[in-house]
Amino acid sequence: MGSADTLEVLRTTLRDEREHLSHQLGELGVGGEGMAFDENFADSGQVAAEKGEHRVLANSIQDALADVDRALKKLDEGTYGQCESCGSAITEPRLEAMPATRYCIECASRR
Ligand SMILES: [Zn+2]
């Protein structure tokens, strides 16, 4: 894996991303713990559909946030930049493009 400088840049990028995603979740009315939607309050199909879209969006943001948290944890543990599937090093350009990625390009293309 690359130089310490590169890792520090990626760490900063991941922290910024984390803040950005948390903010987006806040705007959707979703806190850190689970969903804020009231399941018993779907009073019309339209509202239910909008809630559904909200939920899909919130879920994808939460997934992205989990990946960012995971990447930050791996940075702390010194395992950052390793593919979680095959264990080989993820290339620096790929990490710079997708700092929270968990897989090398070969494994990602097989998913
Ligand atoms: Zn791999």
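Description of the structure in this document. (Residues numbered from 1 in each chain as written. Predicted model: local features only at pLDDT ≥ 70, side-chain atom pairs only at ≥ 80, totals over all residues. Heavy atoms only, no water.)

On a plain count of helices and strands, the chain comes out with four helices and zero strands. Ordering the α and β elements of the chain from the N terminus gives α-α-α-α. In the chain, which comprises 111 residues, the share counted as buried stands at 27%. Put simply, of all contacts in the chain between residues at least 6 apart along the chain, 54% involve residues at least 24 apart. Carbon and sulfur atoms provide 50% of the accessible area of the chain, an area that totals close to 7,200 Å². (Helix = DSSP H or I, 4+ residues; strand = E, 2+ residues; numbered from the N terminus. Buried < 20%, exposed > 50% of the residue type's maximum accessible area, 1.4 Å probe, protein only. Contact = heavy atoms within 4.5 Å. Areas by Shrake-Rupley, 256 points an atom, 1.4 Å probe, with all protein chains shown as cover.)

Turning to the environment of Arg55, a few remarks are in order. Structurally, Arg55 can be placed in helix α2 (residues 45–77). On the basis of relative accessibility, which here comes to 24%, the residue Arg55 falls in the partly exposed class. For Arg55 and Val30, which are 25 residues apart along the polypeptide, the C-alpha to C-alpha distance reads 9.4 Å.

Residue position: Val30 is located in the loop between α1 (4–27) and α2. Judged by relative accessible area, which is 5%, Val30 ranks as buried.

Around the zinc ion, the donor atoms from the protein are Cys83 (SG), Cys86 (SG), Cys104 (SG) and Cys107 (SG), and they sit 2.3 Å away. The site at the zinc ion holds four donor atoms, and with the angles between them running 106 to 113°, its shape is tetrahedral. All donors of the zinc ion come from a single chain, and their spacing in sequence reads C-x2-C-x17-C-x2-C. Of the two residues, Cys86 is situated in the loop between α2 and α3 (92–97) and Cys104 in the loop between α3 and α4 (105–109); the sequence distance between them amounts to 18 residues. Residue classification places Cys86 among the partly exposed positions, given a relative accessible area of 44%. (Donors = N, O, S within 2.8 Å, 3.2 Å for Na, K, Ca; no water. Tetrahedral: all angles 85-135°; square planar, octahedral: opposite > 155°, others 65-115°.)

Any functional reading would require information beyond the geometric quantities listed.
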